[in-house]
Structures are given as structure tokens and as C-alpha cells.
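Remarks on the overall topology
Chain by chain, the residues:
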Amino acid sequence: MKILFIDIVHPLLKKELEKNNHECETAFDLSKLQIETIIEKYNGIIIRSKFIIDENFIKKAKNLKFIARAGSGLENIDVDFAKKQRIKCYNASEGNRQAVAEHALGMILSLFNNLRQADTEIRSGYWNRESNRGTELSGKTVAIIGYGNNGSAFSRLIEGFGVNILTYDKYLVDYPFESSMKYIFDNADILSIHTPLTKETSHLINNKYINNFKKNIYLINTARGKCVNTEHLVKSLKSGKIQGACLDVLEYENISFENLKKNRKEKNLQYLTNCSKVILSPHIAGWTHESNIKIAKILFQKISNDFS
């Protein structure tokens, strides 16, 4: 097959595909409009999040057999229309699930132990022990919403910390630590989001959802920024209903996740960046050296299984 790499991924994938007699070309510097003029020549696409592969794009890709996304979600691909055109759609969430789980754990431990604040103070010449007294993860009740690759990996990782784990996934049956949402609302101390971004999960975490919790909670979001209504999150942080937040993703990210949109003056974003109760990272939870290689291997295997 003739395969077009639209985004940069680990070179292992291109190397292995070429070993199997596929012809691979790159279009890293081309825009969506430019790619649309040549896409009918290709049988496969490798992409991360450079742009949205919509119905119009797919119609122009007359010879396309597969679209492979080097990452977890498929929200930038019109999967339903692709399937109608008998185009396979692959992702590689198995490749970065451990990375996401470890990052989520690292963020909540950092928040609970005031590591960012303590590090900054020591570097500035201050030695404050009492004001940096930490909180233990052990004994807390952690609710995991979404029990796919990432949610289940996070669950396995935190089991050894002596936490109570509750899980909810609308689309699964008979999975570990399964709980009702009512039980989660009544008991959770920490809420960790691991859902894909869909119409159903867009702004899932809003005022109504947050205020259903009986306790004041902590929030971890390593899923997608738009799963959380930022305005409502800020309101809850100010009121204390959310005691702290670990955010690897923000709804202000541009479509490729490579930067924030031009809204640094947006008041809610300013609040998050200045709030000591918030830990932020630039969408890197699944962005490890190891996951980079694993994603390439998994995509190669999936493509090879269907097109050997």
C-alpha cells in the first residue's frame, strides 16, 4: 500500500511498514488543503491530531483503506463516515495507558504533598515545614470514570496505595470495582476522568455534576480538556467544593494539542495558572519515550493484522 504520514511519529512505524513492502511518504509540512489535493493517491494515513479528518476529506480520499491515529482518542476522525466507506480506523491507547496512569498518580501525589510550592519556596530561600504538611493518598476513595485502557491502568497502579477504588463505565459490564454513580457521588474523595471526548462527555464535569458529590473532592483530568467545563471548575475551586485539581489537559488547547489558543488573557485560564490548588501539565500524560515506541509497535501490528 501507499501510506502517508501526516504527523511525526516514532520512526519505527515507517521502518517496519517499509520492511513489509509498503511505500511510505511524509507530509509533515503540508496543510490540510494541500493534502486534500493529493490524498486520493494513498491507501493509508498515519496521523496524530494535526487536523480533523471529516467527511469532506474522506470523500477525496477515494482509495483509502485505513486511518491510524498515534494516540488514544479518535475524536478528530469522522469514524462513522469512515466505516461507511469501509475504511479501518485504528488508535493505540494500549501504547500510552501506563504513561497516563503514572502521570495521573504523579500529579495527585504532587498536589497532596505540596511539592510544587515547597520546591519553589526552597529555591527562594524559604524553609517552611508546617505550611507544607501533606495529605496521604492512603484511605481515600478514588472514583474512576471510564474504565478503558487508561482508567483500568490507573486502577491497577493505585491499588497498592491502600485506596478504596470505585469505577463507572456506561459501556462496560462486569468490570472491577464497578459502582453506581449514586454511590460514587456519596463516597468519592478523588475523581479521575478517563473518558473519550464525545458529544456525551463534552462538559460532562459541570456545576450539576460536581454538586452531586457529598464531599469536597479533588479532580484529576488526563482525558480531554473539553470533558470539563472550565468556568464551572473555577467556580468550584473558589468555593472549595473542588479542593484541588490536577489538569494535564485544558479545553483551551488548539486542535493539534500543540499549544493553547490565543486566549491567555481568558480569566478562567489565568485563575488556573495562578491557583496554588492546581497542578498543570501540557498534555503530556501519555507522552513518554516508552509510549512513543509502544504506540508505533501497536499501530504496525494492527495494520499488519488486516493488511499483511
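Details of the structure are given in the entry above.
Residues numbered from 1 in each chain as written. Predicted model: local features only at pLDDT ≥ 70, side-chain atom pairs only at ≥ 80, totals over all residues. Heavy atoms only, no water.

Points about the nonpolar core
If you look at the biggest cluster of nonpolar residues, it comprises 30 residues, and the most contacted ones within it are L191, L219 and L233. Those residues within four positions of L219 in sequence are excluded, and the remaining contacts are L191, I193, V228, L233, I242, G244, A245, C246 and L247. (Core = buried A, V, L, I, M, F, W, Y, C linked by side-chain atoms within 4.5 Å. Buried < 20%, exposed > 50% of the residue type's maximum accessible area, 1.4 Å probe, protein only. Contact = heavy atoms within 4.5 Å.)

As for helix α12 (residues 289-306)
For α12, with 18 residues, the first-to-last C-alpha span of 27 Å sits near the 26 Å given by 1.5 Å per residue. Residues of α12 that are buried: S291, I295, A296, I298, L299, F300, I303 and S304. The inward-facing, buried residues of α12 abut α1 (11-19), β3 (44-47), β4 (66-69), β5 (88-90) and α5 (93-112). (Helix = DSSP H or I, 4+ residues; strand = E, 2+ residues; numbered from the N terminus. Expected span 1.5 Å × (residues − 1).)

Considerations on the sheet that holds strand β11 (residues 278-280)
Pairing within the open sheet is parallel, and its six strands lie in the order β7-β6-β8-β9-β10-β11. With partners counted over all chains shown, the strands left at the sheet margins are β7 (164-168) and β11, one partner each. Strand-to-strand twist across the sheet, computed as the mean angle between neighbouring axes with direction ignored, equals 15°. Two strands pair when backbone bridges link them, and strand β8 (residues 190-193) and strand β9 (residues 217-221) are joined in this way by four bridges, in the parallel orientation. Within β9, the residue paired with I193 across the bridge is N221. In the packing of helix α7 (residues 149-158) onto the sheet, contacts are made with β6 (141-145), β7, β8 and β9, and the angle to β6 comes to roughly 165°. Each of β9, β10 (242-247) and β11 is contacted by helix α10 (residues 230-239), which is oriented at about 135° to β10, the strand it contacts most. (Pairing = 2+ DSSP bridges. Axes fitted to C-alpha atoms, helices over the stretch in contact; angles between N-to-C directions.)

Quick look at the environment of A245
Considering the arrangement of structural elements, one finds A245 in strand β10. For A245, a relative accessible area of 0% corresponds to the buried category. The spacing of A245 and L111 is 134 residues in sequence and 8.1 Å in space, taken between C-alpha atoms. Apart from the residues lying within four places of it in its own chain, the contact partners of A245 are L111, L219, L233, L237, K277, V278 and I279.

Observations concerning unusual backbone geometry
You will see that D174, though not glycine, has its phi angle at about 55°, which is positive. Here D174 shows up in the loop between β7 and α8 (181-187). The class of D174 is exposed, set by a relative accessible area of 73%. In the Ramachandran plot, H283 falls in the positive-phi region, its phi being about 55° despite a non-glycine side chain. Accessibility expressed as a relative area gives 18% for H283, which makes it buried.

Concerning the packing of aromatic side chains
Any pair of aromatic rings gets described here by the distance separating the centres and the angle formed by the planes. One pass over the structure, following the stated rule, counts eight aromatic pairs. Three or more aromatic residues joined by ring pairs form one cluster here, namely F66, Y90 and F307. Positioned above the aromatic ring of Y42 is the side chain of K2, whose terminal nitrogen or guanidinium carbon lies 5.5 Å from the ring centre. The ring of Y271 is capped by K238, whose NZ or CZ atom sits 5.2 Å from the centre of that ring. (Phe/Tyr/Trp six-rings, centres within 6.5 Å; stacked < 30°, edge-to-face > 60°. Lys NZ or Arg CZ within 6 Å of the ring centre and 35° of its normal.)

Some remarks on the sheet that holds strand β2 (residues 23-26)
Strand order in this open sheet of five strands is β2-β1-β3-β4-β5, and the pairing throughout is parallel. Both outer strands of the open sheet, β2 and β5, are each paired with one neighbouring strand and no more. Geometrically, the sheet is characterised by an average inter-axis angle of 15° between neighbouring strands, direction not taken into account. Looking at chain direction, strand β1 (residues 2-5) and β3 are connected through three bridges and run parallel. What sits directly across from F5, in β3, is I46. Contacting β3, β4 and β5, α12 crosses the sheet at an angle of about 160° to β5.

Topic: the packing of α5 against α12
Two numbers describe how α5 lies on α12: the axes approach to 7 Å, and their chain directions differ by 160°. The angle between α5 and α12 falls in the class roughly antiparallel. Crossing geometry of α5 relative to α12 is assigned as right-handed. Taking contact as the criterion, the partners of E94, G95, N96, Q98 and A99 in α5 are, on α12, S291, K294, I295, I298 and K302. Considered class by class, the residues forming the contact of α5 with α12 number three nonpolar, four polar and three charged. (Parallel < 35°, antiparallel > 145°, perpendicular 65-115°, else oblique. Left-handed = near helix turned anticlockwise from the far one by under 90°. Nonpolar A, V, L, I, M, F, W, Y, C, P; charged D, E, K, R; others polar.)

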